[in-house]
Amino acid sequence: MVASPELYKVRSLLGLTESCLYVCLRFGFSSCKWYTLSSKSSGGGYVLARVPIANDSPCNVGLGLGNSDLVTVGSDIYNIGKTDKTTPTSIVSILDCKTHMWRKAPSMPMELESFSAIVLDRNIFVLGRCYHQDGTWKSSLQVINTDTQTWDIPLCVLDLASHTFNIDGNLHAVNIFGWVFAFNSKQGRWDLVEIYPSVGEITYSKSYCEIDNVLYSVSKDGDLRWYDTDKTRWRDLKGLVGLPKLPNPFAGYGFYVKLTGYGGRKMMVFWSRYFSIPLSPMETIYCAEIALERRNGDCWGKLEWYDGVLSVLAGTKFVKVLSVTL
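The model shown is predicted, which means the values in this text are computed figures rather than measured ones.

1. Considerations on the overall build of the chain
Alright, step 1. Within the chain, the secondary structure is distributed over one helix and 24 strands.
Alright, step 2. A burial count over the chain gives 50% of its 326 residues as buried.

2. A word on unusual backbone geometry
Peptide bonds are trans in most cases, and residues, glycine excluded, mostly fall at negative phi.
Alright, step 1. Its identity as a non-glycine residue notwithstanding, aspartate 168 has a phi of 55 degrees, on the positive side.
Alright, step 2. Within the secondary structure, aspartate 168 is located in the loop between strand 12 (161-167) and strand 13 (170-175).
Alright, step 3. By relative accessible area, which is 39% here, aspartate 168 ends up partly exposed.
Alright, step 4. Of note in this structure, aspartate 212 is not a glycine but carries a positive phi near 55 degrees.
Alright, step 5. Mapped onto the elements of the fold, aspartate 212 is located in the loop between strand 16 (208-211) and strand 17 (214-218).

3. Things to note about the pattern of salt bridges
Alright, step 1. Inspection of every chain in the model, using the stated rule, returns 11 salt bridges.
Alright, step 2. Here arginine 265 ties to aspartate 212 by a salt bridge, and the two come within 3.4 Å at their closest N and O atoms. Here the residue arginine 265 occupies a position in the loop between strand 20 (258-261) and strand 21 (266-274), and aspartate 212 occupies one in the loop between strand 16 and strand 17, the gap between them amounting to 53 residues.
Alright, step 3. Close ionic contact of arginine 235 with aspartate 228 constitutes a salt bridge, the shortest N to O distance being 2.8 Å.
Alright, step 4. Residue classification places arginine 235 among the buried residues on the basis of a relative accessible area of 13%.
Alright, step 5. Here aspartate 228 falls in the buried class, since its relative accessible area comes to 5%.

4. Looking at the packing of aromatic side chains
Alright, step 1. Scanning the entire structure with this criterion turns up nine aromatic pairs.
Alright, step 2. Ring centres of tryptophan 271 and tyrosine 286 lie 5.7 Å apart, and the angle between their planes is 15 degrees; this geometry places the pair in the stacked category. Placement of tryptophan 271 in strand 21 and of tyrosine 286 in strand 22 (residues 282-295) is noted, with a sequence separation of 15 residues between them.
Alright, step 3. Taking the relative accessible area as the measure of exposure, tryptophan 271 reaches 1% and is therefore buried.
Alright, step 4. Consider the rings of tyrosine 286 and tyrosine 306, whose centres lie 6.5 Å apart with planes at 45 degrees: the pair is tilted. With tyrosine 286 in strand 22 and tyrosine 306 in strand 23 (residues 298-313), the pair connects residues that are 20 residues apart, well separated along the chain.
Alright, step 5. Given the relative accessible area of 36%, tyrosine 306 is considered partly exposed.
Alright, step 6. Through pairs of rings, three or more aromatic residues link up here, namely Phe125, Phe183 and Trp190.
Alright, step 7. Just above the ring of tryptophan 300 sits the side chain of arginine 295; from NZ or CZ to the centre is 4.2 Å.

5. Here's the deal with the sheet that holds strand 1 (residues 19-27)
Alright, step 1. With respect to topology, four strands assemble into an open sheet ordered 3-2-1-24, the strand pairing being antiparallel. For this open sheet the edge positions go to strand 3 (46-50) and strand 24 (317-325), each flanked by a neighbour on one side alone. For this sheet, the mean angle separating the axes of adjacent strands, direction not counted, is 30 degrees.

6. A word on the sheet that holds strand 19 (residues 233-236)
Alright, step 1. The four strands are arranged 16-17-18-19 in an open sheet whose pairing can be described as antiparallel. Every other strand in the sheet has two partners, leaving strand 16 and strand 19 as the edge strands with one partner each. Pairwise comparison of adjacent strand axes, ignoring direction, gives a mean angle of 35 degrees for this sheet.
Alright, step 2. With four bridges connecting them, strand 16 and strand 17 associate as antiparallel partners. Across the sheet, residue glutamate 210 finds its bridge partner in strand 17, namely leucine 215.

7. Overview of the nonpolar core
Alright, step 1. Grouped together as the largest cluster of nonpolar side chains are 20 residues, with contacts concentrated most on Tyr216, Leu224, Leu259, Met267 and Val269.
Alright, step 2. Elements with a minimum of two residues in this core: strand 16, strand 17, strand 18 (224-228), strand 21, strand 22 and strand 23.
Alright, step 3. Excluding its chain neighbours within four sequence positions, the residues that come into contact with methionine 267 are Ile211, Tyr216, Leu224, Leu259, Thr260, Ala288, Glu289, Ile290 and Leu292.

8. Points about the pairing of strand 13
Alright, step 1. Counting buried residues in strand 13 gives five out of six residues, a clear majority hidden from the surface.
Alright, step 2. Relative to strand 14 (residues 180-184), strand 13 runs antiparallel, the two sharing three bridges. Considered in strand 14, the bridge of valine 174 is made with valine 180.
Alright, step 3. With antiparallel pairing between neighbouring strands as the criterion, strand 13 and strand 14 make up a hairpin whose turn holds four residues, including glycine 178 at a positive phi of roughly 85 degrees.

9. Here we look at the state of the cysteines
Alright, step 1. Inspection of every chain in the model, using the stated rule, returns zero disulfides.
Alright, step 2. For the unlinked cysteine cysteine 20, the closest cysteine sulfur is that of cysteine 97, found at 8.4 Å.
Alright, step 3. Given a relative accessible area of 17%, cysteine 20 falls into the buried group.
Alright, step 4. No disulfide involves cysteine 32; its sulfur sits 4.3 Å from the nearest other cysteine sulfur, which is in cysteine 24.
Alright, step 5. Accessibility expressed as a relative area gives 10% for cysteine 32, which makes it buried.

Parameters and conventions
Residues numbered from 1 in each chain as written. Predicted model: local features only at pLDDT ≥ 70, side-chain atom pairs only at ≥ 80, totals over all residues. Heavy atoms only, no water. Helix = DSSP H or I, 4+ residues; strand = E, 2+ residues; numbered from the N terminus. Buried < 20%, exposed > 50% of the residue type's maximum accessible area, 1.4 Å probe, protein only. Salt bridge = Lys/Arg side-chain N within 4 Å of Asp/Glu carboxyl O. Phe/Tyr/Trp six-rings, centres within 6.5 Å; stacked < 30°, edge-to-face > 60°. Lys NZ or Arg CZ within 6 Å of the ring centre and 35° of its normal. Pairing = 2+ DSSP bridges. Axes fitted to C-alpha atoms, helices over the stretch in contact; angles between N-to-C directions. Core = buried A, V, L, I, M, F, W, Y, C linked by side-chain atoms within 4.5 Å. Contact = heavy atoms within 4.5 Å. Disulfide = S-S within 2.5 Å.

Read these as spatial facts, not as claims about activity.
Encoded structure:
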């Protein structure tokens, strides 16, 4: 009864929605499990609690081999693609976080490979590569309106693109050379943005997120930073006291640091550390909650708390951390 769709509908009409964090972890090469950040039953603090999602669901696929991405719209998690495939794919499925049931969604018009997805105004933009009959690979942008569940293909091409992200509420993409382009939706084209060259560093790291139209990331030194569009450079997040040094997100093995917005102007940071016990096969996932504030042209962060939230086998990897509205 507590998880009934009718109850969620009434809560939404009363404006009593809340944000919840969902974490997808990959164990080995294909086995994935879902968790949500929950309060401990006693003693205070938080833990990652397992989400009961049927493994035999036809939509519950591998995730994380380059041909899939996960994004959220409201209480739905969209699984764009299918990671147990190493070939181009057009499959899309939706996890309803109110019922924890998968359902099928309209497939992409064209099969894509090595793509990246982002949500803007309840539209999901998917940028990737598609194979043409002339034997070449070309970039393609496909957009789904999540309200009408219909796909569109804007007439624009951006070759060699790898990542999409949000700067000041606008769709941007970076190519393999670190060049940044802004999508001009009115004219249906990509414009080279020369004033944002250093933001292309995120090509080599997936440790970034957008909160309140500000792009945040983790530096090579493990420091939280934000991108100042006025001064066109990365700047350190000020005011953090008590947050331990984060792992190098460019290391290329084990966990990457994962960032996501949460419940308004807050950031949730996830990372892992090996146990201090020599030769231990386990490692601990940590989570930190940081309140964000703009002050005198700077971005400031205040550490609310951080703690270990789950112990896992060494080598377990994050697929994605997502904030869902229920």
